[in-house]
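Listed below are the residues making up each chain.
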Amino acid sequence: MDYEEKIAKIKKIVDLPISKFKSEELKAIIERYEKNHVKSKEAFERARKIIPGGVEHNLAFNYPFPLASKRVFDCYLETVDNIVLTDYLMDGGPIILGHNHPILTEKVIEVIREIGPCHGLTNEYEYLAAEELQKHFPSCEIIRWLQTGTEADMLAIRIARVATNRKWVIKIGGSYHGWSDQLVYDMHVPGTKLLESHGIPKNVFKFIDSCPPNDIETLRQMFAEKRKVAAVLIEPMGGESGANPVRPGFNKEVEELCHENKALLISDEVVCAFRLHMGGGQAYYGYEPDLSVFGKIVGHGYPSAAAIGGKEEYMKYCAAGVGGGKRAYSGGTLAANPLTCAAAYHAIKLVEETGATEIAGKAGARLADGLNEVFAKYELPWFSYNLGGTVHFHTSCLFGLSFDIPDQVGQLPLRKKFMEHIGAALVDQEIISVAGSRFYMCILHTDEIIDETIKKIDNICQKIELN
Ligand SMILES: Cc1ncc(COP(=O)(O)O)c(C=O)c1O
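Residues numbered from 1 in each chain as written. Predicted model: local features only at pLDDT ≥ 70, side-chain atom pairs only at ≥ 80, totals over all residues.

We now examine helix α4 (residues 102-115). For α4, with 14 residues, the first-to-last C-alpha span of 19 Å sits near the 20 Å given by 1.5 Å per residue. Those residues of α4 that sit buried are Leu104, Val108 and Val111. All buried residues of α4 fall inside an arc of 50° around its axis, so they share one side. Seen from the open side of α4, the exposed residues pointing more than 90 degrees away from its buried face are Pro102, Glu106, Ile109, Glu110, Arg113 and Glu114. Elements in contact with the buried residues of α4: α12 (338-354). Among the residues trailing α4, Gly116 stands out with phi positive, at a value near 100°. (Helix = DSSP H or I, 4+ residues; strand = E, 2+ residues; numbered from the N terminus. Expected span 1.5 Å × (residues − 1). Buried ≥ 20, exposed ≤ 12 C-beta atoms within 10 Å, placed from the backbone. Arc of directions from axis to C-beta. Contact = placed C-beta atoms within 7 Å.)

Here you go:
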């Protein structure tokens, strides 16, 4: 499906009234959910007494209440009520080899047993993993390990400011680059600007601005008005990792504009690296960033995995140690620990050896095509597309709203509610998705499993009120 078609379909969904479940079907879904997930509910009731909201993961599925996980294996997640769900959450993206890949698990256990998980000094795995990452990301001449994508994005803008001696940073409206103070600006839904900025003093945002998605002319104007732009930050597939699809050529245009204006281009590869292409968004779309940001996927879900890489002339500002010279201060006691670096080293090798990116991409295409056939069969305006191993399916198009259009502002909670209903209906069919609108594929999602998923989504479509 090409870009124009995706945009037209998003517009159609946003212009139409929000889809609805037949009320008796929705009631039955919620009743079954309550009945099937008794222990999850107990876990939630207990957790909410000590954990804020009873659930800490942004991507946790939480309607009518969050599920509690007992274990994950292959491409499945088993809840505490022994319900086995086909897992397309995949921990929010990093798992592409399937859960608990036996070789990777063994290597990590070996590190814990024989090397020790944390040293505080350089261990061989630190540079082995960096070399492995660089092999696929030649733009990363120098690499520094960090612990989260949030930190890596935060450091990227700091390096850009030090290197250029400028202050302004421009992001694309609706994009997510973690939750550091400055980047909690205009995220999730384009035009929301300060919506999520409670607790952050306004002057923190003094030098942050956003440009509407795919709008190169506005970006050009912003450069003209604000000559002191240090960097532009992009999610290569488009905001919220492709829910707002990127226009072909946009990333390259941003690169050119940055370089004409001596600003840095930062490519946030947290979701794209290895999942979209072995060389991430930059290889897939053909542009060369100055800095690249990596997150959870570099360690295949093992904790404390993130990195920043880039040209030596910029990365030289990010050095370890206390005091001295013009530099972008960074730290992290647990960063670059042997356990995470070993996980990264072996995971990258295994992804390459197994051809996981391609396999997950094919699985994604099969699922998206199958879903589109089902949606067409029921004449629903919904649609799906895959960007490699990431599959989006738009039903209420929450991310397609724009807060720059006043009429759309009030729709956010209603469209979110419908996505929650979809999420609950998927659990009812023993499927877990990302927020009722995204599926992450892994190499263990076989054709058979995918076809079964398509049939289950057909069941869900039968429960929708047709106009
Ligand atoms: C594109 C992107 N950047 C940054 C982040 C933040 O990464 P982390 O959750 O590791 O802080 C995420 C998280 O999902 C992401 O999707």
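Our next topic: the domain arrangement of the chain. Interface extent is often summarised as the accessible area lost during association of the parts. Looking at the assigned domains, one finds that the chain contains domain 1 (3-82 + 355-461) and domain 2 (102-353). The straight-line distance from the C-alpha centre of domain 1 to that of domain 2 is 27 Å. Domain 1 puts 18 residues into the contact, and the matching count from domain 2 is 24 residues. Going through the elements one at a time, α1 (3-15), α13 (356-377) and β13 (390-394) are the ones with two or more residues in the side of domain 1 that touches domain 2. Per-element tally for the side of domain 1 that touches domain 2: the top contributor is α13, with three residues. Looking at the side of domain 1 that touches domain 2 residue by residue, the classes come out as nine nonpolar, seven polar and two charged. (Domains from an automatic or database assignment. Nonpolar A, V, L, I, M, F, W, Y, C, P; charged D, E, K, R; others polar.)

Attention now moves to unusual backbone geometry. With an omega of -5°, the peptide bond between Tyr63 and Pro64 qualifies as cis. In this fold, Pro64 is placed in the loop between α3 (38-47) and β1 (69-73). Unlike most non-glycine residues, Ser241 shows phi in positive territory, near 45°. On the secondary structure map, Ser241 appears in helix α8 (residues 239-242). Positive phi is not limited to glycine here, since Glu430 has a value of about 60°. Here Glu430 shows up in the loop between α15 (412-428) and β14 (431-432).

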